[in-house]
Amino acid sequence: MSVLFWAIAVVAFVIAEIATVQLVSIWFAAGAFVTLLLSYFYELSAFEQLGIFIISSSVFLLLSIPLIKKRRKKAAVATNAELDVGRHATVIEEINVDKGTGRVTLNGVNWSAVPEDENAIIPAGAIVIVTKVMGAKLRVRPE
């Protein structure tokens with residue numbers, strides 16, 4: 001293998017990286033560049049060059065793993081339902097599990113509601129705190 005081979009390999013890996021933009025071949029480009037430099041200054045056999053390429057590419061990959069993990073950590077984005085937990089709602093119909101009644105208004109929207117404590121009866125006009133969103137129903141507790 002010659003210096004020209006490794007120069008072509010560097011260019012090919014860089015082009016592949018630009019085309020994919022997924023950090024797929026950048027380590028191979030760096031490994032090929034290291035091999036290019038070493039084979040330019042030292043007389044190396046094809047086996048030695050291949051070993052240098054594999055080792056240097058692996059080292060670049062291992063060094064970049066913490067950086068990749070750090071960049072991939074994304075803050076969880078709350079959904080609309082999760083944003084409602086902890087908010088205050090107004091009871092517009094008595095919340096009573098035995099009677100099967102219970103409606104609240106939250107941000108101008110009417111919701112079915114159940115009490116957090118199933119034995120609790122929450123009168124109309126009371127202010128409650130949303131503890132959980134269960135589909136189209138809110139679990140609430142008195143303020």
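Everything in this summary refers to the structure shown in the same document. Since we're looking at a predicted model, the values are computed, not measured. The numbers attached to residues start from 1 for each chain and follow its sequence in the written order. Totals for whole chains, interfaces and linings use every residue, but because this is a predicted model, local features are given only for residues with pLDDT of at least 70 and side-chain atom pairs only at 80 or more, for both listing and counting. Side-chain measures here rest on the full set of heavy atoms in the structure, leaving out hydrogens and waters.

Brief notes about a nonpolar patch on the surface
So, step 1. A contiguous nonpolar patch, built from Val3, Phe33, Leu37, Leu38, Tyr40, Phe41 and Tyr42 and spanning about 730 Å² of accessible area, is present on the exposed surface.
So, step 2. Per element, the largest residue contribution to the nonpolar patch is five residues, and it comes from helix H2 (residues 26-41).
So, step 3. The helix and strand labels rest on DSSP assignments: H or I over at least four residues marks a helix, E over at least two residues marks a strand, and numbering proceeds from the N terminus. By secondary structure assignment, the location of tyrosine 40 is in helix H2. Here the term patch refers to residues with relative accessible area over 30% and no salt bridge, with like charges joined within 9 Å and nonpolar side chains (Val, Leu, Ile, Met, Phe, Trp, Tyr) within 5 Å. With residues, only the protein chains shown are counted as cover, and all accessible areas are computed by Shrake-Rupley using a 1.4 Å probe. We define a salt bridge as a side-chain nitrogen of Lys or Arg found within 4 Å of a carboxyl oxygen belonging to Asp or Glu.

A closer look at the packing of H2 against helix H3 (residues 46-72)
How two helices pack is summed up by the angle between their axes together with the distance between the axes.
So, step 1. Between H2 and H3, the least distance of the axes is 8 Å, while the angle of their chain directions is 140 degrees. Comparing their axes, H3 and H2 come out oblique. Considering how the two elements wind past one another, H2 and H3 form a crossing that is right-handed. Two secondary-structure elements touch here, H2 through Trp27, Phe28, Ala30, Gly31, Ala32, Val34, Thr35, Leu38 and Ser39 and H3 through Gln49, Ile52, Phe53, Ser56, Ser57, Phe60, Leu61, Ser64 and Ile68.
So, step 2. Only Asp, Glu, Lys and Arg are considered charged in this grouping, and only Ala, Val, Leu, Ile, Met, Phe, Trp, Tyr, Cys and Pro are considered nonpolar; every other residue, Gly among them, is considered polar. Here the contact of H2 with H3 is composed, by residue class, of 11 nonpolar, seven polar and no charged. Here the axes come from fitting lines to C-alpha atoms, over the contacting stretch only for helices, and the angles between their N-to-C directions go from 0 to 180 degrees. The scheme is simple: roughly parallel for angles under 35 degrees, roughly antiparallel for over 145, roughly perpendicular for 65 to 115, oblique for anything else. The hand of a helix crossing depends on one turn: near helix anticlockwise from the far one by less than a right angle means left-handed, and clockwise means right-handed. The contact criterion used throughout is that any non-hydrogen atoms of two residues lie within 4.5 Å.

As for the nonpolar core
So, step 1. What we call a nonpolar core is a set of buried Ala, Val, Leu, Ile, Met, Phe, Trp, Tyr and Cys residues that are connected through their side-chain atoms within 4.5 Å. Relative accessibility thresholds used throughout: buried, under 20% of the residue-type maximum; exposed, over 50%; partly exposed, between the two (1.4 Å probe, protein chains only). Counting residues in hydrophobic clusters, the biggest one holds 13 residues, and the most contacted among them are Ile95, Val104, Val128, Val130, Leu138 and Val140.
So, step 2. Secondary structure elements with two or more residues in this core: strand S1 (88-96), strand S2 (101-106), strand S3 (109-115), strand S5 (127-134) and strand S6 (137-142).
So, step 3. Residues contacting valine 130, with those up to four places away along its chain left out, are Asp84, Val85, Gly86, Arg87, Ala89, Leu106, Leu138, Arg139 and Val140.
So, step 4. If you look at the next biggest cluster of nonpolar residues, it comprises six residues, including Ala9, Val10, Ala32 and Phe53.

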